[in-house]
Amino acid sequence: MNENVNEKLLREKKPIFPQFGKAIVFCLLIAILITLIVLNQSDYSFGVRSWYVTFPAAIVLLGENAIKFWVAKRYPVKTVCYVFDILSLMVLTLFSDGTLISILYLSILSEFYLNQKSVTASVAMWLSSMFIFLVTFALSSIFKSEGFSLSRLLSNAFNDIILFIVHFFAMNFVVQLARKTRELSKTAEDLTSSNEKLRIAYDELKEITALEERQRIAKDIHDTAGHSITTVIMQTEAAKIAVDNNPEEAKKRITAANLQAKHALEELRESVHLLSGASKEVSLKERLESVVNESMDGTDIAIRYDVDEITIGDVKARLILNTLKEGISNGLRHGSATAFYFELKEKDERVEFLLSDNGAGMDAGQLKEGFGLSGMHRRAESLGGNVWFETEPDEGFEIHMTLPSDPKNK
């Protein structure tokens, strides 16, 4: 990942003006200067041949441009090079007939435009270069004793001025187009990289979520089905002991064990469905009614119920289902209950659960929460809800539970 960051930083610092572009401009400068020196071999009145001056000026121009292209990294150093550019160009303009001078200016300006981010700086450089060119061109005429005439100057430099203008707009258009293309390319690369990171993060999140869900289901199997099977074993063992001396008690124990086994089997089936990725589109009300019907099937118990059609998350739904199963099993096993009343309502953004039985009950102060009841407390509190129990001797047992409703999509 660090390597990718470093590569991105290098791309951000990469100039618009590539290395091969520098080589092309430098070779163009060499060709223009050689041509300019060859074409300007005239003698001046004071006995100095033009190439005595143009040749050293050309060497200086090439040397400082080589430094500017491949050595200078800081802008102040490049500024000094641009000053030498102007001085060299002024000398070449004065000691030549003007041939190819404007092309030299445009070559230097090309390098400047390509390395500028600010259009304002390019405009300033263009105006100052054109002004220096015209002034030096006028001084060249005076230096050669041709006199100065504004109309002649503008006439002779007209084509050069047009070149300056066309070159400025063409180069800056290309530079801005290249810069925007590069920015779009970088944005596309960043977007692709971000999408890839999001995809990886999403895949990792899916794996983590699946692992957490499997761990939760495994814990549910351990807590509910395991507990139910243990209870079945205990009930059947108690029934074996009571079968001779107290057949009625043995019958109740077997009935409770049978019901607990049904609940355990349903828990295992539901867990297998979740682990396999299969899901049944069954409402919570239908699932609760199924628990009630299974509990009454083959037993002598009666269960009345009043259940609203409630849409709630799977975790909360499983808690409600498990609490109902646990409550019925506990009522049969500990209270010898024969009738139950179950109610599930949604009021004021809360889901209210009530299960009461007609069992023996007990003194509330003597109530000791075992594995099942304490598990109800933990799960309800983890979901932002609450559980409490009400009981009195010979008055049965009640389980109350409240859970926050899920937000409704509006």
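In this numbering scheme, every chain counts its residues from 1 along its sequence in written order. In keeping with the model being predicted, local features are shown solely for residues with a pLDDT of at least 70 and side-chain atom pairs are shown and tallied solely at 80 or more, while totals for entire chains, interfaces and linings include all residues. Hydrogens and waters are ignored; side-chain quantities use all the structure's heavy atoms.

### A word on the overall build of the chain
The following threshold applies: Starting at the N terminus, helices and strands are each numbered in turn, a helix being any DSSP run of H or I of at least four residues and a strand any DSSP run of E of at least two. Buried residues are those whose accessible area, probed at 1.4 Å on protein chains only, stays under 20% of the maximum for their type, while exposed residues exceed 50% and partly exposed ones sit between those limits. Two residues form a contact once any of their heavy atoms are found within 4.5 Å. Methods summary: accessible areas were calculated by the Shrake-Rupley approach with a probe of 1.4 Å, and residue burial reflects only the protein chains presented.
Looking only at helices and strands, the chain features 12 helices and five strands. For the chain, the residues scored as buried account for 38% of the 410 residues in total. Counting only contacts in the chain whose residues sit at least 6 apart along the sequence, the fraction spanning at least 24 positions is 70%. Taken as a whole, the chain presents about 23600 Å² of accessible surface, with 62% of it coming from carbon and sulfur.

### Here we look at the packing of helix α4 (residues 75-94) against helix α5 (residues 101-114)
Test applied: Between the N-to-C directions of two axes lies an angle of 0 to 180 degrees, each axis being a line fitted to C-alpha atoms and, for a helix, fitted only over the stretch in contact. We call two directions roughly parallel when the angle between them is under 35 degrees, roughly antiparallel when it is over 145, roughly perpendicular when it lies between 65 and 115, and oblique otherwise. Each residue gets one of three labels, nonpolar for Ala, Val, Leu, Ile, Met, Phe, Trp, Tyr, Cys and Pro, charged for Asp, Glu, Lys and Arg, and polar for the others, Gly among them.
Contact geometry for α4 and α5: axes closest at 10 Å, N-to-C directions at 170°. Viewed along their axes, α4 and α5 adopt a mutual orientation that is roughly antiparallel. Residues Y75, Y82, D85, L89, M90, L92 and T93 of α4 form the contact with α5, whose own contacting residues are I101, L104, Y105, I108, E111 and F112. Broken down by class, the residue content of the contact of α4 with α5 amounts to 10 nonpolar, one polar and two charged.

### A short note on a negative patch on the surface
What counts is decided by this rule: Each patch is built from residues that are more than 30% exposed by relative accessible area and take part in no salt bridge. Like charges join if they lie within 9 Å; nonpolar side chains (Val, Leu, Ile, Met, Phe, Trp, Tyr) join within 5 Å. Here a salt bridge means any side-chain nitrogen of Lys or Arg lying within 4 Å of a carboxyl oxygen belonging to Asp or Glu. Under the convention used here, Asp and Glu are negative, Lys and Arg are positive, and both His and the chain ends fall outside the count. For charged residues, the charge sits on one atom: NZ in Lys, CZ in Arg, CG in Asp, CD in Glu.
Taken together, D363, E390, E392, D394 and E395 make up a surface patch of like negative charges. Within the secondary structure, D363 is located in the loop between β3 (350-357) and α12 (371-382). Residue classification places D363 among the partly exposed positions, given a relative accessible area of 40%.

### Description of unusual backbone geometry
Positive phi is not limited to glycine here, since D348 has a value of about 50°. As for its position among the elements, D348 is in the loop between β2 (339-347) and β3. The backbone phi angle of E349 is positive, close to 60°, even though this residue is not glycine. Tracing the chain through its elements places E349 in the loop between β2 and β3. Judged by its relative accessible area of 68%, E349 falls in the exposed class.

### Observations regarding helix α10 (residues 284-296)
Think of an α-helix as 3.6 residues a turn; residues three or four steps apart then line up on the same face. Threshold: Every helix has an expected span of 1.5 Å times one less than the residues it contains. Comment: arc refers to directions from the helix axis out to C-beta atoms.
The end-to-end C-alpha distance of α10 is 19 Å, a good match for the 18 Å that 13 residues give at a rise of 1.5 Å each. By the burial criterion, the buried members of α10 are L284, L288, V291, V292 and S295. In a view along the axis of α10, the buried residues occupy a sector of 95°, so they form one face of it.

### Topic: the confidence of the model for the chain
Any segment with low pLDDT has predicted coordinates that should not be analysed in fine detail. Under the convention used in this document: The quantity known as pLDDT measures the predictor's confidence residue by residue, on a range of 0 to 100.
Confidence in the prediction for the chain averages 80 pLDDT; 84% of positions are at 70 or higher. Across the chain, element-level confidence peaks in β3 with a mean pLDDT of 95 and bottoms out in helix α1 (residues 2-13) with 44. Here residues 1-14 scores under 50 on pLDDT; set against residues more than four positions off or in separate chains, the count is eight contacts.

### Some thoughts on the sheet that holds strand β4 (residues 386-391)
Put simply, the rule is: We treat two strands as partners when DSSP finds at least two bridges between them.
Strand order across the open sheet formed by five strands is β1-β2-β3-β5-β4, with mixed pairing between neighbours. The outermost strands of the open sheet, each flanked by one partner alone, are β1 (302-307) and β4. For this sheet the average axis-to-axis angle between neighbouring strands, irrespective of direction, equals 10°. In terms of strand pairing, β4 meets strand β5 (residues 397-404) through six bridges, oriented antiparallel. Paired with T391 across the two strands is F397, which belongs to β5. Against the sheet, α10 contacts β1 and β2, and its axis sits at roughly 170° relative to β1. Where helix α11 (residues 314-335) meets the sheet, it contacts β1, β2, β3 and β5, and its direction lies at approximately 175° from that of β5.

### A look at the pairing of β2
Going by this rule: For a crossover, the right-handed case is the one in which the path from the first strand over the helix to the second runs clockwise, viewed with the strands pointing away from the viewer.
Looking at chain direction, β1 and β2 are connected through six bridges and run parallel. In the sheet register, A302 faces β2, and the bridge partner there is A339. Remark: the β1/α11/β2 crossover connection has left-handed handedness. When β2 meets β3, the two strands line up antiparallel, connected through eight bridges. Of the residues in β3, the one forming a bridge with K347 is R350. Counting the residues that bridge the hairpin from β2 to β3 gives two residues, and of these D348 lies at a positive phi of roughly 50°.

### A look at the nonpolar core
Counted only if it meets this: The term nonpolar core refers to a set of buried residues drawn from Ala, Val, Leu, Ile, Met, Phe, Trp, Tyr and Cys, joined through side-chain atoms within 4.5 Å.
Grouped together as the largest cluster of nonpolar side chains are 38 residues, with contacts concentrated most on L92, L104 and F164. Mapped by element, the contributors of at least two residues to this core are α2 (19-39), α3 (50-70), α4, α5, α6 (119-143) and α8 (158-242). Residue contributions to this core peak at nine residues, all from α5. Contacts of L104, omitting those with residues within four sequence positions, involve L29, I32, L33, L36, L61, L89 and L92.

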